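Chain residues, written in single-letter form:
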Amino acid sequence: MPLNIVVGGFFGDEGKGKICGYLAVRDRPSIAVRGGSINAGHTVVYENRMWRLRIIPSFFVNKDTKLMIAAGALVRLDVLFKEIEETGSRGRVFLDYNTGVIEERHVEEERNDPYLSKTIGSTLQGVGAAARDRVMRRLKTAKDFDVLKEMIVNVSEEVNKSIDRGELVYIEGTQGTFLSLYHGTYPYVTSRDTTASGFASEVGVGPKKVDEVIVVFKSYVTRVGEGPLPGEYSVDEMISRGLVERGTVTGRMRRAAPFNIELAKKAVTINSATQIALTKLDALFPEARNVREWSKLPYEARRWIEEIESVLKTPITLIGTGDDIMYTIDRRIELGILR
Ligand code: IMP
Ligand code: MG
């Protein structure tokens, strides 16, 4: 399984950081590449520490994994250097020549744009404005910054070579399928294609190189910002069900709704999912909390998961049961996907 892609199946915040952190420790990939931009917030909890990452791959927890940032990604230099320090990953972070760089004026522009802030509910991180400048061929990229000199590589070439050597590479996507600029709930979406194909393209690998596409669903659906959310709970319902969450980047309260099998079906199709990761099972089944073996899950939880699997015709291989990345049930061996 040389190239795997992890993407979100709903509206972001499905727990990709947690799943990628687990995969880093368990699978020990030689390279992990982040796509997307700093509007994303991925949370990793490991060995009693918590990181909230906006650009460094959540795979950083494996010290032997090279951490790369795709040509199609957009970074901000202050965020990048801060996270390199926080994750202790200096010397193993690499950017592509063409990785875009967001500047202060992009952030300013979005902050002063009432359409983005009020109608769309943007995170106002300058990502859309920078993407527009990239399309207009005005955006500066990594090769234009001396401070990045030592960190610049050809990410596409590195990734393709590594795959050809039979090494394991992971691509870490951001946001979720229905925030895709093309396949989401336009115009209530982010400024890029957030599907598996979109992230492969950002990195520079062809579709035939991809082995596994792992779509991450949370056990309920959340959304920050504006746009449709079928079956949305009232704030009171969210509180009584224990589903209150806040955005990693913006601190806004996330809207919540029940698990949505129709959206999940579409996400499986659009991403050609080969596996599903299901997170926060303990929010629906408190007795599942911190369980690490399938057989120890409550019967009702197992039945619920098997029902979803049969509707989606895709195996649920990874199940999150607690905050720490190691509170993960990994069914890949018993389901014959890993040896
Ligand atoms: P923007 O991409 O920051 O302009 O935000 C556009 C929409 O996508 C807003 O509804 C944001 O809340 C949402 N969004 C952007 N990034 C994320 C994310 O990482 N998680 C969840 N929602 C996001
Ligand atoms: Mg997030």
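See above for the structure.
Residues numbered from 1 in each chain as written. Chains lettered and ligands numbered in written order. Predicted model: local features only at pLDDT ≥ 70, side-chain atom pairs only at ≥ 80, totals over all residues. Heavy atoms only, no water.

K.L.:
Is there a simple way to think about the overall build of the chain in this case?
P.N.:
What the chain contains, in helices and strands, is eleven helices and 16 strands. Each of the three principal axes of the chain carries a C-alpha extent, and together these read 55 × 50 × 35 Å. Burial analysis of the chain (339 residues in total) assigns 57% to the buried set. Long-range contacts, defined here as pairs at least 24 residues apart, represent 74% of the contacts in the chain between residues at least 6 apart. Within the structure as shown, the chain displays about 14500 Å² of accessible surface, and the carbon and sulfur contribution to it stands at 50%. (Helix = DSSP H or I, 4+ residues; strand = E, 2+ residues; numbered from the N terminus. Buried < 20%, exposed > 50% of the residue type's maximum accessible area, 1.4 Å probe, protein only. Contact = heavy atoms within 4.5 Å. Areas by Shrake-Rupley, 256 points an atom, 1.4 Å probe, with all protein chains shown as cover.)

K.L.:
So what exactly am I meant to see when it comes to the coordination of the magnesium ion (ligand 2) here?
P.N.:
Ideal geometry at a metal centre gives angles of 109.5 degrees when four donors are arranged tetrahedrally and 90 or 180 degrees when six donors are arranged octahedrally. Each protein donor to the magnesium ion (ligand 2) is listed here as Asp 13 (OD) and Gly 41 (O); together their distances run 2.0 to 2.3 Å. On the criterion of sequence distance, the pair formed by Asp 13 in the loop between strand 1 (3–8) and helix 1 (16–27) and Gly 41 in the loop between strand 2 (31–34) and strand 3 (42–46) is long-range, its members being 28 residues apart. Given the relative accessible area of 16%, Gly 41 is considered buried. (Donors = N, O, S within 2.8 Å, 3.2 Å for Na, K, Ca; no water.)

K.L.:
Honestly, helix 3 (residues 104–111) in this entry has me stumped. Any pointers?
P.N.:
It helps to recall that an α-helix has 3.6 residues per turn; residues three or four apart then point in one direction. Of the positions making up helix 3, those classed as buried are His 106, Val 107 and Glu 110. The arc that holds every buried residue of helix 3, seen down its axis, measures 100°, which confines them to one face. Lining the buried residues of helix 3 we find strand 8 (100–101), helix 4 (114–120) and helix 5 (127–135). (Arc of directions from axis to C-beta.)

K.L.:
Got a minute to help me understand the site of ligand 1 in this structure?
P.N.:
Ligand 1 sits among 16 residues. The nearest are Ser 122, Thr 123, Gln 175, Thr 190 and Arg 252. Asp 13 places a side-chain nitrogen or oxygen 3.4 Å from a nitrogen atom of ligand 1. A distance of 2.7 Å separates an oxygen atom of ligand 1 from a polar atom in the side chain of Ser 122. Contact with the protein chains removes 96% of the 470 Å² of surface that ligand 1 exposes when unbound. Looking at side-chain class alone, the shell around ligand 1 contains six nonpolar, eight polar and two charged residues. (Near = heavy atom within 4 Å. Polar contact = N/O pair within 3.5 Å; in protein donor to acceptor, adjacent residues only side chain to side chain. Nonpolar A, V, L, I, M, F, W, Y, C, P; charged D, E, K, R; others polar.)

K.L.:
It is not clear to me how the pattern of salt bridges should be interpreted in this structure. Could you clarify?
P.N.:
Pairing between side chains of opposite charge can happen when the charged atoms of each approach one another. All told, the structure shown has 31 salt bridges when counted by the stated rule. As a salt-bridge pair, Glu 86 and Lys 82 come within 3.3 Å of each other at their nearest N and O atoms. Of the two residues, Glu 86 and Lys 82 are both situated in helix 2 (residues 77–86); the distance of four residues between them amounts to about one turn of the helix. When the shortest N-O distance is used, the salt bridge between Lys 280 and Glu 245 registers 3.4 Å. A residue pair is termed long-range when its members are at least 10 positions apart, and Lys 280 in the loop between strand 14 (275–279) and helix 10 (281–284) and Glu 245 in the loop between helix 8 (235–240) and strand 13 (255–258) qualify at 35 residues. Taking the relative accessible area as the measure of exposure, Lys 280 reaches 32% and is therefore partly exposed. Taken together, the shared-partner salt bridges in this structure form one network comprising Asp 13, Lys 218, Glu 245, Arg 254 and Lys 280. (Salt bridge = Lys/Arg side-chain N within 4 Å of Asp/Glu carboxyl O.)

K.L.:
Explain the packing of aromatic side chains here, please?
P.N.:
The relative placement of two aromatic rings is captured by the distance of their centres and the angle of their planes. Scanning the entire structure with this criterion turns up eight aromatic pairs. Taking 4.7 Å as the distance between ring centres and 40° as the angle between the ring planes, the aromatic pair formed by Phe 10 and Phe 217 counts as tilted. Here the residue Phe 10 occupies a position in the loop between strand 1 and helix 1, and Phe 217 occupies one in strand 11 (residues 212–218), the gap between them amounting to 207 residues. Since its relative accessible area comes to 1%, Phe 10 is described here as buried. Centroid distance Trp 51 to Phe 60: 4.9 Å. Interplanar angle 70°. Geometry classified as edge-to-face. Across the pair, exposure class does not vary: Trp 51 and Phe 60 are buried alike. Counting every residue linked through ring pairs, the aromatic cluster contains Phe 10, Phe 217, Phe 259, Phe 285 and Trp 304. The ring of Trp 294 has Arg 331 sitting right over it, with the charged end atom 3.8 Å from the ring centre. (Phe/Tyr/Trp six-rings, centres within 6.5 Å; stacked < 30°, edge-to-face > 60°. Lys NZ or Arg CZ within 6 Å of the ring centre and 35° of its normal.)

K.L.:
Before we go on, may I ask you to explain the side chain of Asn 39 in this structure?
P.N.:
Structurally, the position occupied by Asn 39 is in the loop between strand 2 and strand 3. At a separation of 3.2 Å, a polar atom in the side chain of Asn 39 contacts the side chain of Thr 190. Those residues in contact with Asn 39, other than ones at most four positions away along the chain, are Thr 123, Gln 125, Val 127, Gln 175, Thr 190 and Val 249.

K.L.:
Is there a simple way to think about the pairing of strand 4 (residues 49–53) in this case?
P.N.:
For a regular strand, side-chain orientation follows a simple rule: the groups alternate between the two sheet faces. Inspection of the sheet shows strand 3 paired to strand 4 by five bridges, in the antiparallel sense. The residue of strand 4 that forms the bridge with Tyr 46 is Arg 49. (Pairing = 2+ DSSP bridges.)

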